[in-house]
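Residue-level structural notes
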Amino acid sequence: MTKNPQFIRDIVGGIKPGSIVLIEGPTGAGKTIFSASVAKEVIEEYGQKVAWIGILLEPPDIRDIFSNILRINLDDYINAGQFKYYGFEIVPVSDRLIMISQLLNDIIDTYSPGMIVIDFIDPIIEFASTSDLLSIRKMIKTNCGEKKCVVLMISRSPLHGLRSRAEIISDIVVRIKIEHPSYGAPRRFIELAKIKDIPQTRMIYELDMNKEYGVTIHPHGILKELRSNINHEVRIPTGIDGFDDILGGGLIRGTSTLLIGPSGVGKTILMLTTAYNMARKGEHVYYISFEEPEQQLVETLRFLGFNIEGLKGDLTIHSINPRTITINSFFSIINRIVDFSKPIVIFIDGLYSLWKEFGHDFHRYVRDLIYYSKSSNATMMLSMIYEKGVEEKLYVWLSTMCDGIIEMNFERADRSVRRLIYVRKMRLSSPPQKYFEVLFENKKLSIRTL
Ligand SMILES: Nc1ncnc2c1ncn2[C@@H]1O[C@H](COP(=O)(O)OP(=O)(O)O)[C@@H](O)[C@H]1O
Ligand SMILES: [Mg+2]
């Protein structure tokens, strides 16, 4: 499994020992969680200790922050001597600067951590004059700098876009922003607003925080350049009678195929059957649905008479409610699946729901996903509701990206209805240019000549 970008190493490119880093953002932006994830990185990637000076949060809350999102038992760090909490008592304003200086010195002398987090700095510097601020900066730079300790300060954003007082004393300024789109989960961004001594333009990355995947940072665009190593002879049979014949033996490993058709035509049944058959033969298969809950899909497999236990490969079914994710997390969830198991076959059922949730933006992500999968030799099958006249543009976009397009449709005659299938495009194959019938008899799917 490849690693997520790490903040210190991959985004900042390493923080100079002894730097003062400011993390600022509005309430609810995730400053503390983000700082906790940096602490995790310092401990796990750099093998250094972290001291946490708490003003707002007591240890129970900090434990929750580490366990809920980062899935870390803070006591493990504490018992291993890698993490230490220091409470900061709020003393009269005039004494706060002296108190924090003493505490910092104390920590440096007795614990010698690689990083000290001050959560949060605002009440300490609230009434400090500029010369006080400069002397606290000097103090930190002297004491912490000498011991190569990074000081990370958390601060609420100042009102009305004023430059915050804490920025005066910082070498690196990181702003966390939160946006509430009209659909989907809130989106968070981190902006590297200042890195001392390094001239730069603003750098903004998307930041995701959720229980399932922890804290992740997304660099923009495609992570790998476009490349592929497809061999038209390496095919994965669908195992459906008649279907493999028209596909030329199955899906080519490393390609993506789009399955389109109106609602109820049988896209899900066809994809689930294919997924199961492939897993049965030893493939690692991941089935993601944006339309139906996991339990219902598992029940459909049972209804089809499939025995989900005892597969030679494996079949993981995962449902995602588009409303609970950001478009970036959709992309990173699948990237992680692609990286996790190779080679893999991924089924994505219900692209139309993503489109409804995220609008035009979504096709760019699907394109990145298709390219990324190709470079990782993942095989994909994506389904989308498509009825004539609906979202013509979306269909054109997706169809140019995919290697194959399979259409399903109803054919109505008198009082009976038939389901038809037609392989409209399949790169590196020569599918017969005609319709076939999809039969579903005795809970078994097969494809026949008309
Ligand atoms: N070839 C077929 N013949 C008859 N019924 C079918 C066939 N394919 C699917 N069905 C039935 O149609 C319904 C909808 O199928 P589903 O796969 O969920 O459609 P979609 O995903 O395209 O909306 C299911 O109840 C299924 O039993
Ligand atoms: Mg469906």
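Residues numbered from 1 in each chain as written. Chains lettered and ligands numbered in written order. Predicted model: local features only at pLDDT ≥ 70, side-chain atom pairs only at ≥ 80, totals over all residues.

**Thoughts on the sheet that holds strand 9 (residues 214-218)**
Spatial ordering of the open sheet is given by 3-2-4-5-1-6-7-8-9, a layout of 9 strands whose pairing is mixed. The open sheet has two edge strands with one neighbour each: strand 3 (83-87) and strand 9. Averaged over neighbouring strand pairs, the angle between their axes works out to 20 degrees when direction is ignored. Strands in contact with helix 2 (residues 31-44) are strand 1 (20-25), strand 2 (50-54), strand 3, strand 4 (115-119), strand 5 (150-156), strand 6 (172-179), strand 8 (203-210) and strand 9; relative to strand 4, the strand with the most contacts, it is inclined by about 170 degrees. (Pairing = 2+ DSSP bridges. Helix = DSSP H or I, 4+ residues; strand = E, 2+ residues; numbered from the N terminus. Axes fitted to C-alpha atoms, helices over the stretch in contact; angles between N-to-C directions. Contact = placed C-beta atoms within 7 Å.)

**Description of the packing of helix 14 (residues 362-375) against helix 15 (residues 392-401)**
Contact geometry of helix 14 with helix 15 gives a least axis separation of 10 Å together with a crossing angle of 10 degrees. Taken together, the axes of helix 14 and helix 15 are roughly parallel relative to one another. Touching His-363, Val-366, Arg-367 and Ile-370 of helix 14 are Leu-394, Trp-397, Leu-398 and Met-401, all from helix 15. In the contact of helix 14 with helix 15, the residues fall into 6 nonpolar, 1 polar and 1 charged. (Parallel < 35°, antiparallel > 145°, perpendicular 65-115°, else oblique. Nonpolar A, V, L, I, M, F, W, Y, C, P; charged D, E, K, R; others polar.)

**Some thoughts on the packing of helix 12 (residues 327-340) against helix 14**
Geometry of a packed helix pair, given as the angle between the helix axes and the separation of the axes. Where helix 12 contacts helix 14, the axes come no closer than 10 Å and their chain directions differ by 10 degrees. As judged from the angle between their axes, helix 12 and helix 14 are roughly parallel. Residues Ile-327, Phe-330, Phe-331, Ile-334, Asn-335 and Val-338 of helix 12 form the contact with helix 14, whose participating residues are Phe-362, Tyr-365, Asp-368, Leu-369, Tyr-372 and Ser-373. When its residues are assigned to classes, the contact of helix 12 with helix 14 shows 9 nonpolar, 2 polar and 1 charged.

**Thoughts on the site of ligand 1**
Around ligand 1, a shell composed of Gly-261, Ser-263, Gly-264, Val-265, Gly-266, Lys-267, Thr-268, Ile-269, Arg-419, Val-438, Leu-439 and Phe-440 is seen. Elements represented by at least two residues in the shell around ligand 1 include exactly helix 10 (267-280) and strand 19 (436-441). When its residues are assigned to classes, the shell around ligand 1 shows 5 nonpolar, 5 polar and 2 charged. (Near = placed C-beta within 6 Å.)

**Points about the pairing of strand 1**
Among the 6 residues in strand 1, 6 count as buried, and that is most of the element. What you see with strand 1 is no split at all: Ile-20, Leu-22 and Glu-24 on one side and Val-21, Ile-23 and Gly-25 on the other are buried throughout. Here 6 bridges tie strand 1 to strand 5, and the two strands are oriented parallel to one another. Paired with Leu-22 across the two strands is Met-153, which belongs to strand 5. Judged from the 4 bridges that link them, strand 1 and strand 6 form a sheet pairing that is parallel. Across the sheet, residue Ile-23 finds its bridge partner in strand 6, namely Val-174. (Buried ≥ 20, exposed ≤ 12 C-beta atoms within 10 Å, placed from the backbone.)

**A short note on the sheet that holds strand 18 (residues 416-426)**
In spatial order, the strands read 14-13-15-16-12-17-18-19-20; together these 9 strands make up an open sheet with mixed pairing. Of all the strands in the sheet, the pair left with one neighbour each is strand 14 (314-319) and strand 20 (444-449). Between one strand axis and the next, the sheet turns through 20 degrees on average, direction left out of account. With 6 bridges joining them, strand 12 (residues 256-261) and strand 16 (residues 379-385) adopt parallel strand pairing.

**Considerations on the domain arrangement of the protein chain**
Looking at the protein chain, the domain boundaries give domain 1 (7-218) and domain 2 (235-449). Distance from the C-alpha centre of domain 1 to the C-alpha centre of domain 2: 45 Å. Those elements that place two or more of their residues in the side of domain 1 that touches domain 2 are strand 8 and strand 9. Broken down by element, the residue count for the side of domain 1 that touches domain 2 peaks at 3 residues, all from strand 8. When the residues that make up the side of domain 1 that touches domain 2 are grouped by side-chain class, the tally is 3 nonpolar, 4 polar and 3 charged. (Domains from an automatic or database assignment.)

**Observations regarding helix 7 (residues 130-146)**
Over its 17 residues, helix 7 runs 24 Å from end to end, which matches the ideal 24 Å to within 8%, given 1.5 Å per residue. Those residues of helix 7 lying buried are Ile-136, Ile-140 and Cys-144. Around the axis of helix 7, the buried residues are gathered within 35 degrees of arc, so they sit on the same side. Facing away from the buried side of helix 7, by more than 90 degrees, are the exposed residues Thr-130, Ser-131, Lys-138, Thr-142 and Glu-146. Just downstream of helix 7, Lys-148 is the residue with a positive phi angle, here 55 degrees. (Expected span 1.5 Å × (residues − 1). Arc of directions from axis to C-beta.)

**Considerations on the pairing of strand 9**
Direction of pairing for strand 8 relative to strand 9: antiparallel, over a ladder of 5 bridges. Within the sheet, the bridge partner assigned to Asn-210 lies in strand 9 and is Gly-214. Linking two consecutive strands that pair antiparallel, namely strand 8 and strand 9, is a turn of 3 residues.

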